[in-house]
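Residues per chain, in single letters:
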Amino acid sequence: MQASCKKVAILQSNYIPWKGYFDLIHDVDLFIFYDDVQYTHSDWRHRNKLMTRDGPRWLTIPAGHDLKRLICEVEIPDQSWKQQHRSIIEQNYRNAPFIEESQPLLDFLYANTITSLSDYNQRAIRHLSNILGIHTQFADSRLLGVNGRKTERLIGILESVGATKYISGPSARDYIDEPMFVEAGIELVYKEYPAYPPYRQCFSPFSPFVTILDLLMNVGPEAPRYIWGWHQNEYQA
């Protein structure tokens, strides 16, 4: 893996992320989950949005408000949220074209006893990536044994996997020390999320900033065309 890896992304795991998260995974050879960093409440780690009759609404895992934890230390012993979330999803997408075909996915997401937020999110993201036909490899920063702070640690992780190009989320511009990448000889690129093409949702007006489940429920196996296929001359409106 180290010898062949070139493009790498490093990012915290999120709860059933939006399509842009999977676009980033698709862009790289290796995607590294970065869950041994501080947990932030009211963030994408434990919640995401789905479409409802009243517009996009939060679907939130009850992970607590304690910020003195790493993401990988967050435990949710009460499992009742899983059936609640599944019921909310099935209710709001009961008229979606691919609701029946999505039942095995919902089984995978909600018929389990995983209590670790990090383990739950990583497992879900890997599975969703497989459904989308993504062939990117995955790793976990906890297993790489790299220490350091902020940009220093990012570069250490990248060097440990033989990365030559780092694709970062756009919000990281605020804290990344760019000259350190130049010194390390690793190309730094910020992911620019495009205006993804719209599709028919169960409710209007259209919102692109919702969980990937919305896309899968509404377009099924055509989902990759609405994420990256359209700008590879594969998408036809």
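Now for a look at the structure at hand. Predicted model, so just to flag it, every value in this text is computed and none were measured.

Right, let's get into the nonpolar core. Judged by nonpolar contacts, the single largest core of 71 residues is most densely connected at I10, F22, F31, I89, Y110 and L132. Residue contributions to this core peak at six residues, all from helix α7 (residues 212–219). Setting aside residues no more than four positions away along its own chain, F22 makes contact with P17, I125, L128, S129, L132, I134, I212 and W228.

Counted residue by residue, strand β3 (residues 47–52) has five buried out of six residues, so it is predominantly covered. Once β3 ends, the chain turns through two residues before running back antiparallel as strand β4 (residues 55–60).

Each α-helix winds once per 3.6 residues, and so residues spaced three or four apart point in a common direction. Burial runs high along α7: eight of the eight residues are buried. The complete set of buried residues in α7 reads I212, L213, D214, L215, L216, M217, N218 and V219. Those residues of α7 that are buried are in contact with α1 (19–27), β3, α2 (80–92), α3 (103–110) and α4 (117–131). Positive phi appears at G220, one or two residues downstream of α7, with a value of about 60°.

Rules of the game
Residues numbered from 1 in each chain as written. Predicted model: local features only at pLDDT ≥ 70, side-chain atom pairs only at ≥ 80, totals over all residues. Heavy atoms only, no water. Core = buried A, V, L, I, M, F, W, Y, C linked by side-chain atoms within 4.5 Å. Buried < 20%, exposed > 50% of the residue type's maximum accessible area, 1.4 Å probe, protein only. Helix = DSSP H or I, 4+ residues; strand = E, 2+ residues; numbered from the N terminus. Contact = heavy atoms within 4.5 Å. Pairing = 2+ DSSP bridges.

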